[in-house]
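Here are the chains, one letter per residue:
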2 protein chains.
Amino acid sequence: MHLATLATPDGTTAGVLLDGQWRRLPADDLSALLATSTQPLTELEPGEVLPDATPVQPLPRPRKVICCGLNYGDHIAETGRERPAYPTLFAKYADTLIGPDEPIELPHGVDIDWEAELAVVVGASLRNADVEQAGAAIAGYTVANDISVRDWQRRTLQWFQGKAWDATTPLGPVVVTPDELDPVRGAEVTCRVNGVERQRGNTRTLVFDCASLLAYISTFTVLRPGDVVLTGTPGGVGMAMDPPLYLRDGDIVEVAVQGIGTLTNRVRLTR
Amino acid sequence: MHLATLATPDGTTAGVLLDGQWRRLPADDLSALLATSTQPLTELEPGEVLPDATPVQPLPRPRKVICCGLNYGDHIAETGRERPAYPTLFAKYADTLIGPDEPIELPHGVDIDWEAELAVVVGASLRNADVEQAGAAIAGYTVANDISVRDWQRRTLQWFQGKAWDATTPLGPVVVTPDELDPVRGAEVTCRVNGVERQRGNTRTLVFDCASLLAYISTFTVLRPGDVVLTGTPGGVGMAMDPPLYLRDGDIVEVAVQGIGTLTNRVRLTR
């Protein structure tokens, strides 16, 4: 199933794509659907067809957006580091998220980089879960662009201030359920900037797969329906180029995960 | 004013301490009071006396709990680092917070350390604020114990997984308004473990003061009423001792900030 939060003339609604048409699901958005649904998503009864529906940011209210860094072998190599024994984790807040086609707004004068990522959406509460329990709690997968302000990220030892700029992390356009996509078997993750491919990786090469990440995180904190975990980016980021290449006003970044879709966002410099 | 979220026989309420007695304020807790109050806290009309009221965790629903590390000169020195040009920031989630007298529950076999801190409570929305605007938006100050799981903190470059264990960060017992406390003029910050003083610092020696921290954070993300910023810990943490000293089952940690009060929490090892 392809699920989305849809903008319609009557406000937002959760929806499901059937035979190329969006149909209504009984919640105002996917956050609400995941928080309130008592039956498996695949058994929900679709409502009416929504002819004028457009996918927006799918998860408006995650309590947690936890990111894994250094999770693809080639990206680890380009940062000069060794294959890790533990996932490198950092936190974002929901304020960072924007939807497909929304602008990435940042001030002039900062070093803006792209990071194409698979994101996993939590479907059930998890605490001290093992990998099997964590895998069973995955509601689906979506696409993220973990836009990073590199000069701020490098100001101190902690990356947070380069990763937590409001309204700079595109997420979406849809959430694909696990019956249709298995990242362990493989899905291509790509990033194109102004039409030029800059990143290409495959989720089968993730050091820590989605279920392992959720289980690990659940050791120290609860994950709830609608929370999001970003699984890391493959090689090819702008800061690793020689010379480094950063995004400029008007640049268009397209991040895609095979089997899910493409996030297209334009950079808009402000202030 | 000393403000608190109070447990009473009829549920929680926001309250204010007047002449040694807790009196009711018109909200279920301080998070709600800060989110909804349209007048200065100092002008609220106190309600009835609450004879059986006990302060609990004062801010049950912060959207953001942002922490500054390496903000006291002596603690920077004991970690072997230089005085920073920028604040080192990392994020927690609200799930980390507990109140005064609640147990700090962690599993056996991890390295548990104390960190006495002044915490600043945000009273108005802030984005791209200057230092003066940020200072005017401070609702008050409280005490925090940024309990850290050092072995997890050191597993990777990012501290988050050592700082984000659910229900391990004591906060409270009261929030003191800026008319009664000015951390720039100075307030002693202390930590005692089983009655032995382990940390003593003064907020006048903070590298980045409260208003500067809020202004800096507001450059990249919005702060809202009820959000909390932890300002860092002075020298004397357990991991810097030779040999390192970590907390054990039953240990009692008392963290105090002069002019606010004391947080007393017992360590309880589980699992």
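Scoring rules and cut-offs
- Residues numbered from 1 in each chain as written.
- Chains lettered and ligands numbered in written order.
- Predicted model: local features only at pLDDT ≥ 70, side-chain atom pairs only at ≥ 80, totals over all residues.
- Helix = DSSP H or I, 4+ residues; strand = E, 2+ residues; numbered from the N terminus.
- Rg over C-alpha atoms; globule rule 2.2 N^0.38 Å.
- Buried ≥ 20, exposed ≤ 12 C-beta atoms within 10 Å, placed from the backbone.
- Contact = placed C-beta atoms within 7 Å.
- Least-squares fit on C-alpha atoms with pLDDT ≥ 70 in both.
- Core = buried A, V, L, I, M, F, W, Y, C linked by C-beta atoms within 7 Å.
- Pairing = 2+ DSSP bridges.
- Axes fitted to C-alpha atoms, helices over the stretch in contact; angles between N-to-C directions.
- Domains from an automatic or database assignment.
- Nonpolar A, V, L, I, M, F, W, Y, C, P; charged D, E, K, R; others polar.
- pLDDT = per-residue confidence, 0-100.

The secondary structure content of chain A amounts to 6 helices and 18 strands. On C-alpha atoms alone, chain A measures out to a radius of gyration of 18 Å, which is about the 18 Å that the 2.2 N^0.38 rule sets for 271 residues. Across its three principal axes, chain A shows a C-alpha extent of roughly 55 × 40 × 30 Å. Sorting the 271 residues of chain A into buried and exposed places 55% on the buried side. Here the analysis covers contacts within chain A between residues at least 6 apart in sequence; of these, 73% occur between residues at least 24 apart.

Here the focus is the relation of the copies chain A and chain B. The operation relating the pair of chain copies consists of a rotation about an axis and a translation along that axis. Least-squares fitting of chain A to chain B yields an RMSD of 0.0 Å, with the transformation described by 0.0 Å of translation along the axis and a rotation of 180°. Considering both components of the superposition, the chain copies are consistent with a two-fold axis.

Further remarks concern the nonpolar core. Ala 119 and Leu 214 of chain A together with Ala 119 and Leu 214 of chain B are the most contacted members of the largest nonpolar core, which has 174 residues in total. Setting aside residues up to four positions removed in sequence, Leu 214 of chain A forms contacts with Val 120, Val 122, Leu 126, Ala 129, Ala 134, Ala 137, Leu 223 and Val 229 of chain A.

Residues and elements named next belong to chain A. Residue position: Ala 4 is located in strand β1 (residues 2-8). Since 29 C-beta atoms lie within 10 Å of it, Ala 4 is described here as buried. Distance in space between the C-alpha atoms of Ala 4 and Gly 201 is 25 Å, their sequence separation being 197 residues. Apart from residues lying up to four places away in sequence, Ala 4 is in contact with Gly 15, Pro 55, Pro 58, Pro 173, Val 174 and Val 175.

Strands in a sheet are paired, the pairing made by backbone hydrogen bonds, and the direction either parallel or antiparallel. Residue and element names in this part refer to chain B. With mixed pairing, the 5 strands of this open sheet are ordered in space as β8-β18-β17-β14-β15. Whereas interior strands pair on both sides, the edge strands pair on one side only; in this sheet they are β8 (104-107) and β15 (196-202). Neighbour to neighbour, the strand axes of the sheet diverge by 20° on average, direction disregarded. Here 6 bridges tie strand β14 (residues 188-193) to β15, and the two strands are oriented antiparallel to one another. Its bridge partner lying in β15, Cys 191 is registered against Gln 199.

This part takes up the domain arrangement of chain A. All names here are of chain A. Each domain of chain A was delimited in the assignment, giving domain 1 (2-56) and domain 2 (65-270). Contacts between the two partners involve 11 residues from domain 1 and, on the opposite side, 14 residues from domain 2. Looking at the side of domain 1 that touches domain 2, the elements that each hand over two or more residues are β1, α1 (30-36) and β4 (54-56). Here the element with the most residues in the side of domain 1 that touches domain 2 is α1; it accounts for 4 residues. Within the side of domain 1 that touches domain 2, the residues separate by chemical class into 8 nonpolar, 3 polar and no charged.

With that settled, consider helix α6 (residues 210-218) of chain B. Residues and elements named next belong to chain B. With 7 of 9 residues buried, α6 is to be regarded as a mostly interior element. Residues of α6 that are buried include every one of Cys 210, Ala 211, Leu 213, Leu 214, Ala 215, Ile 217 and Ser 218, and no others. Contacts from the buried residues of α6 go to β5 (65-69), β6 (88-92), β10 (116-122), α3 (131-136), β11 (138-145) and β16 (228-230).

Residues and elements named next belong to chain A. Here strand β6 (residues 88-92) lies mainly inside the structure; 5 of its 5 residues are buried. Where burial is concerned, the two faces of β6 agree: the one with Thr 88, Phe 90 and Lys 92 and the one with Leu 89 and Ala 91 are both buried. Pairing of strand β5 (residues 65-69) with β6, which is carried by 5 bridges, proceeds in the antiparallel orientation. When the sheet's bridge partners are listed, Gly 69 is paired in β6 with Thr 88.

What follows is about the confidence of the model for chain A. Considering every residue of chain A, the mean pLDDT works out to 96; 100% of them sit at 70 or more. Across the whole predicted complex the pTM is 0.97, and at the interface the ipTM reaches 0.97.

On to the environment of Gly 226 of chain A, then. All names here are of chain A. Position of Gly 226 relative to the elements: it lies in the loop between α6 (210-218) and β16 (228-230). Sequence-wise, Gly 226 and Ala 124 are 102 residues apart; in three dimensions their C-alpha atoms are separated by 8.3 Å. Here Gly 226 is in contact with Ser 31, Leu 34, Ala 35, Leu 59, Arg 61, Pro 62 and Val 122, once residues within four sequence places are set aside.

Turning our attention to the sheet that holds strand β18 (residues 261-270) of chain A. All names here are of chain A. Strand order in this open sheet of 5 strands is β8-β18-β17-β14-β15, and the pairing throughout is mixed. Across the chains shown, the open sheet's two edge strands, defined by having one partner strand only, are β8 (104-107) and β15 (196-202). Strand-to-strand twist in this sheet, taken as the mean axis angle between neighbours without regard to direction, amounts to 20°. Sheet topology note: the strand β17 (residues 252-257)/β18 ladder contains 6 bridges and is antiparallel. Counterpart to Val 253 in the pairing with β18 is Asn 265.

A few words now on the interface of chain A and chain B. Facing 23 residues of chain A, the contacting portion of chain B comprises 23 residues. It is β6 of chain A that contributes the most residues to the side of chain A that touches chain B, 4 residues altogether.

A separate point is the environment of Ile 260 of chain B. Residue and element names in this part refer to chain B. You can see Ile 260 is positioned in the loop between β17 (252-257) and β18 (261-270). Ile 260 sits 119 residues away from Tyr 141 along the chain, and the two C-alpha atoms are 7.6 Å apart. Look past the residues within four positions of Ile 260 in its chain and what remains in contact with it is Tyr 141, Thr 142, Val 143, Val 174, Val 176 and Leu 181.

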